[in-house]
Every structure is written in C-alpha cells, then in structure tokens.
Amino acid sequence: MDFDLSEEHELLRATVREFAERRIAPVAEELDRDHRFPYDLIAGLAELGLLGIPVPEEYGGSGADALSYTIAIEELTRVDSSVAITVAAHTSLGTMPILLYGTEAQKRTWLPDLAGGKKLAAFGLTEPEAGSDAGATRTTAELRDGHWIVNGSKIFITNAGTDISACVTITARTGDDEISNIIVPNGTEGYELSAPMRKMGWHASDTRELSFRDCAVPEENLLGERGAGYRQFLEILDGGRISVAAMGLGLAQGALELASAYARERKQFGKPISSFQAIQFKLADMATEIEAGRNLVYKAAWLKDQGRPFAQAAAMAKLYTGELAHRVANHALQIHGGYGYMDEYAISRLYRDQKVLEIGEGTNEVQRLVIARNLGL
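The structure reproduced in this document is the subject of the present report. Computed from a prediction, not measured in an experiment: that's the story for all the values here. (Residues numbered from 1 in each chain as written. Predicted model: local features only at pLDDT ≥ 70, side-chain atom pairs only at ≥ 80, totals over all residues. Heavy atoms only, no water.)

**Looking at the pairing of strand E5 (residues 178-185)**
Moving on, step 1. Most of E5 is tucked away: seven of the eight residues are buried.
Moving on, step 2. As defined by bridge partners, strand E4 (residues 165-175) adjoins E5 across eight bridges and the pair is classed as antiparallel. Bridge pairing in E5 links Val-168 to Val-184.
Moving on, step 3. Linking two consecutive strands that pair antiparallel, namely E4 and E5, is a turn of two residues.
Moving on, step 4. Looking at chain direction, E5 and strand E8 (residues 222-223) are connected through two bridges and run antiparallel. (Buried < 20%, exposed > 50% of the residue type's maximum accessible area, 1.4 Å probe, protein only. Helix = DSSP H or I, 4+ residues; strand = E, 2+ residues; numbered from the N terminus. Pairing = 2+ DSSP bridges.)

**Here's the deal with the packing of aromatic side chains**
Moving on, step 1. As enumerated under the stated definition, the model contains six aromatic pairs in all.
Moving on, step 2. Centre to centre, the rings of Phe-37 and Tyr-39 are 4.7 Å apart; their planes meet at 65 degrees, and the pair counts as edge-to-face.
Moving on, step 3. For Tyr-39, a relative accessible area of 32% puts it in the partly exposed group.
Moving on, step 4. Measuring from centroid to centroid gives 6.4 Å for Tyr-262 and Tyr-345, while their planes differ by 85 degrees, and the two rings are edge-to-face. With Tyr-262 in helix H6 (residues 229-265) and Tyr-345 in the loop between helix H8 (311-336) and helix H9 (346-354), this pair connects stretches of sequence that are 83 residues apart.
Moving on, step 5. On the accessibility criterion, Tyr-262 (9% relative accessible area) is buried.
Moving on, step 6. Since its relative accessible area comes to 29%, Tyr-345 is described here as partly exposed.
Moving on, step 7. Of the aromatic side chains, those joined through ring pairs into one cluster are Tyr-262, Tyr-339 and Tyr-345. (Phe/Tyr/Trp six-rings, centres within 6.5 Å; stacked < 30°, edge-to-face > 60°.)

**Brief notes about the pairing of strand E2 (residues 140-144)**
Moving on, step 1. Pairing geometry for E2 and strand E3 (residues 147-158), over five bridges, is antiparallel. Residue pairing in the sheet places Leu-143 in a bridge with Trp-148 of E3.
Moving on, step 2. Where E2 folds back on E3, the antiparallel hairpin that results is connected by two residues, among which Asp-145 adopts a positive phi of roughly 50 degrees.

**A few points about the nonpolar core**
Moving on, step 1. Of all hydrophobic cores here, the largest spans 69 residues; its most connected members are Ile-24, Leu-45, Leu-76, Leu-283 and Ile-335.
Moving on, step 2. When residues of this core are traced back to their parent elements, those giving at least two are helix H1 (7-34), helix H2 (39-47), helix H3 (66-79), helix H4 (81-101), H6, helix H7 (277-305), H8 and H9.
Moving on, step 3. In terms of residue count, the dominant contributor to this core is H6 (13 residues).
Moving on, step 4. With near-sequence residues (within four places) excluded, Leu-283 lies in contact with Leu-256, Ala-259, Ser-260, Ala-263 and Ile-335.
Moving on, step 5. Among the nonpolar cores identified, the runner-up in size contains 22 residues, and Trp-110, Ala-115, Phe-123 and Cys-167 belong to it. (Core = buried A, V, L, I, M, F, W, Y, C linked by side-chain atoms within 4.5 Å. Contact = heavy atoms within 4.5 Å.)

What follows is the structure, given as structure tokens:
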C-alpha cells in the first residue's frame, strides 16, 4: 500500500493552498459579513482550471481524477467554506449530470463554459416537501408540442441565482411513476428566483428558492433517458458526497490549525496555553481524528478513480467528516475562549459553516441508512 500522493497531486495541493491563503483568507471575513458572492475569486479559480477539474479536456476541463478534485475542495474549505461549496456544487451537482448523462450536443453546448468557469451550474433536487425523501418530488414537467411545461418549486439551491449562472438541472415528474432530469436555462420565461436566502453559515455562497410557472423548456433539454431521473440523481449524490466529505475534512483541518496557532500565542498563568495538558490532549485528539477522516475521504475518491463501487465509502466518509468537523470546530472554538465567539476571529465563521455538512447531500441519518443497506441490513 502506497499512501504517498503523486507529484501532480502535491503540486495541485500547493497551488490551491497558495491561492486560498493569498486571495481568499484576507477577504473571507468581509465576504461573510457582507453576504457577498465572491465573483473575483471564482474568476481566479477559473483561471487555474479549478472549475472543471474532473471534466475531460475535450470539453474544456482539466481532465484530472477524483482525488485531485477532492484535494482541491479540501484545501479551499480549509480557508473558506463559501468559496468551496460554490466550486463543489458547480462541479459535482451542476456540471457532472451533463457530463455523465448528456447527449453529445448537450455536452458541446454547456460544458465548455461550465468547465472553464465562465458560467456556473446548479442542481435542483430539494423541494419544500421533498428533502431526505427525494422521491417525493412534486415538480411536474408535461410534454406539449415539443416543450416540457414545468410547474413546481425547489429550495436550498446553490449557484442558481448568480450573475454568471447558466442553468439548473431539475428533477421533475414526467409521468405518474416517473422522474426525469431536465436542463432549465437561466432567463427562461416562467423560471423565477427568490432573493438570496439568509443562512447561519456559507454567507458568501448563493442559495435560492426556485419557482416554475408554466415554464416551457425545449424537449431536447431532457437529460438522459426519460424516467431515469431517480437513478441519475442517486448516482450524482454518491459522487457529490465525496466532495462534501472533503469539505468536512478541510474545515476540520483549518479549525485545528487555527486552534493550534492560537494556543501557542495565548498566555495564561504566565505561559502559552499550549503547554497545558488539557489543551494538548484536545489538539492531539483532533489531529488523530482528522488523519482517520483523510484516509476515509481519499479512499472513497480512489475507489471512484478505479471504477470500483464507492457508494458505501462515500457515505462513510461524508458521515464521519461531517461529525468530525462539528467536533473539531467546537473544540477549536473552546480553545479560543471568549475570543472565539467574536466574528473577527475566523474560528467563529468555521463554527457556523460546519453545521450544514451534517445536513446537505443527505443528512447523517440518510448516510447511516445508505451504509446499513450496503451492509445488507
């Protein structure tokens, strides 16, 4: 077993880390405070080719593997979750459905701008009455005269309402017992976006409610086979869980580093608090659990790259790192004491940002269901 990363993976990590520390870290607190979408940062990441890491070069992407993508998301989240989720949702949820299930014409139409980072894509699955029970989708799409007439709504959708959003792929009922995926371009008549939703964390990411009222979409915007939508989005979520697991890992790593640095600087009773065994034990436990989480996440990405079944590994990684981020952020804030409760300290932002990692891309409870089913239970 070889646990060393390749030179290419190490170079990618160094490149993303340098960008995150030089460009993102100085403005992360301001973006969070102002709830401002980071257009300039997304443009910078696009220039580095990080908006289309797993997309083949023939469609404008970088043609890299799942592990490369995982490392990039980990490094971005280490500094700021809002930027990381923008990239992750665009890639795993917005772009990958078109790459995996689109016709050649659909790929040629959408992928170059998406993989190049000129445009962003979204995926509309969750509805007010269909969260963990995604099969309870109520949005409908009726085929009339060569167009799908879409009616319904989606909620908690990332990247749908930015100035550079190109489209959203939605799940819709195209028959009594039939769910299909359909690409809806931004600007289509009848497709309306709410104002940005106010959230506990991820303040600099775009989250909206979408509504469709007699929204007419060309028949050729059907993604893949009619009626295959349920299977498609389950496969998309399997892959997306690796990137959310990478976010949990990256956030935990960032919180550990903030706590460790603060513990070395903060003095009480005449010496740095890092010299106290109580603090040392917290940091030691955090580092140990992060190492375990990293192995889970990287294994899931490796299995995907090998073309082997990875659904259970992805669910395990996502479950573990979501709870890991919660524990580490909590301990890291405790080490900061009262200062950690102040928004000018980055750990306050990380603490708020981590909670959604136990909810999005399938709650912790759903992950346990997935794992149990893969155990044959």
